[in-house]
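For reference, the chains in residue letters:
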Amino acid sequence: MNAARLLFIAAGLMLLAAGLFAFAGWWLYAALLLAGTLGCGAAAWNFRNQKKEEEKS
């Protein structure tokens with residue numbers, strides 16, 4: 001598995017956990033997990049785009 005795919009999987013699992021925490025009423029933990037999810041997603045998109053740009057060069 002490549003790094004971008006692992007980051008997308010991690011972001012999906014963190015999003016699922018944030019939903020569970022929000023359902024349980026633990027809003028602070030849900031918000032922190034959502035921030036981490038956005039970070040993982042941004043890193044995955046950046047890694048994926050960087051790899052495509054290297055192939056073009």
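Note that the structure is a prediction, hence the values are computed from the model and not measured.

A.B. asks: Would you mind showing me how to read the packing of aromatic side chains here?
C.D. replies: Each aromatic ring pair is characterised by the separation of its centres together with the angle its planes make. Taken as a whole and assessed by the stated rule, the structure comprises four aromatic pairs. An angle of 45 degrees between the planes, with centres 6.0 Å apart, marks the rings of Phe-21 and Tyr-29 as tilted. The exposure class assigned to Tyr-29 is partly exposed, which follows from its relative accessible area of 49%. One aromatic cluster in this structure is built from Phe-21, Trp-26 and Tyr-29.

A.B. asks: When you look at the environment of Leu-13 in this model, what are you seeing that I'm missing?
C.D. replies: If you trace the backbone, Leu-13 turns up in helix α1 (residues 3–24). Taking the C-alpha atoms as reference points, Leu-13 and Thr-37, separated by 24 residues in sequence, lie 8.5 Å from one another.

A.B. asks: Sorry if this is basic, but what is going on with the environment of Leu-7 here?
C.D. replies: Inspection of the secondary structure puts Leu-7 in helix α1. The exposure class assigned to Leu-7 is partly exposed, which follows from its relative accessible area of 25%. Separated by 19 residues in sequence, Leu-7 and Trp-26 place their C-alpha atoms 25 Å apart. What Leu-7 contacts, discounting residues up to four positions off in sequence, is Cys-40, Ala-43 and Ala-44.

What counts, and where the lines are drawn
- Residues numbered from 1 in each chain as written.
- Predicted model: local features only at pLDDT ≥ 70, side-chain atom pairs only at ≥ 80, totals over all residues.
- Heavy atoms only, no water.
- Phe/Tyr/Trp six-rings, centres within 6.5 Å; stacked < 30°, edge-to-face > 60°.
- Buried < 20%, exposed > 50% of the residue type's maximum accessible area, 1.4 Å probe, protein only.
- Helix = DSSP H or I, 4+ residues; strand = E, 2+ residues; numbered from the N terminus.
- Contact = heavy atoms within 4.5 Å.

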